[in-house]
Amino acid sequence: MTIYSQTYHSPIGELILLSDGKDLTGVHYHRSEFRKKRDNQRIIEEMLPLFVKVVHWLDAYFKGENPEITFSLAPKGTSFQQSVWQEIRQIPYGQTTTYGDISQKIAQSMGKDKMSAQAVGGAVGSNPISIIIPCHRVIGKTGNITGYGGGIERKLELFALEKVPENSYFIPKNIKEARSFANYN
């Protein structure tokens, strides 16, 4: 299977856009992350019409706008992951929600009394389409900034861009502690 890629230079670092030729399948911060998972697949760097739309969306987003998604997303994952990612897409621009809140909604949709917030956290962390599926808007139950694949600093930059109220979350006491939450590279 052929995968198409395009590099986007954002204010918070290089983003790698991925497509199957029809749908957006990935937005990654680190080129090495997506290459590790796709060793046997052919990757072609090409500016597809889809990528033109994604670049316009990202340009508007990084100008502080809340653009409408006018292209199709096709993140690959389990049905549970898909349900979590769909729930994440419902988080309004400039707002946050918790892993626990998402787990309650997923449990309810599955007809269960409860769902593990840790399971939801695993699905959030597996989100292959960063920023556009806004997993950066998910925080811990007490408002603490928890892990983000792009790093805590980027999560905070996205919060500032979206004007997330600073009293709605808190940062661990030191950046070293924050980096340990995010597995920051």
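The structure reproduced in this document is the subject of the present report. (Residues numbered from 1 in each chain as written. Predicted model: local features only at pLDDT ≥ 70, side-chain atom pairs only at ≥ 80, totals over all residues. Heavy atoms only, no water.)

1. Brief notes about the overall build of the protein chain
1) Next: Scanning the protein chain for helices and strands turns up 7 helices and 6 strands.
2) Next: Secondary structure of the protein chain in N-to-C order comes out as β-β-β-α-β-α-α-β-α-α-β-α-α.
3) Next: Across the 185 residues in the protein chain, those meeting the buried criterion constitute 48%.
4) Next: For the protein chain, restricting intrachain contacts to residue pairs at least 6 apart in sequence, the fraction spanning at least 24 positions comes to 62%.
5) Next: As displayed, the protein chain has an accessible area near 9,800 Å², and 48% of this comes from carbon and sulfur atoms. (Helix = DSSP H or I, 4+ residues; strand = E, 2+ residues; numbered from the N terminus. Buried < 20%, exposed > 50% of the residue type's maximum accessible area, 1.4 Å probe, protein only. Contact = heavy atoms within 4.5 Å. Areas by Shrake-Rupley, 256 points an atom, 1.4 Å probe, with all protein chains shown as cover.)

2. Notes on the side chain of Gln81
1) Next: With respect to the helices and strands, the residue Gln81 is situated in helix α3 (residues 79-88).
2) Next: Beyond its immediate sequence surroundings of up to four residues, Gln81 is in contact with Ala123 and Ser126.

3. A closer look at the environment of Asp23
1) Next: Note on placement: Asp23 falls in the loop between β2 (13-19) and β3 (24-28).
2) Next: Owing to a relative accessible area of 12%, Asp23 belongs among the buried residues under this scheme.
3) Next: In the structure, Asp23 is positioned 49 residues away from Ser72 in sequence and 5.2 Å away in space, judged by C-alpha atoms.
4) Next: Residue contacts for Asp23: discarding those within four places in its chain leaves Leu18, Leu50, Ser72, Leu73 and Ala74.
5) Next: Here Ser72 takes part through its side chain, which lies 2.3 Å from a polar atom of the side chain of Asp23. (Polar contact = N/O pair within 3.5 Å; in protein donor to acceptor, adjacent residues only side chain to side chain.)

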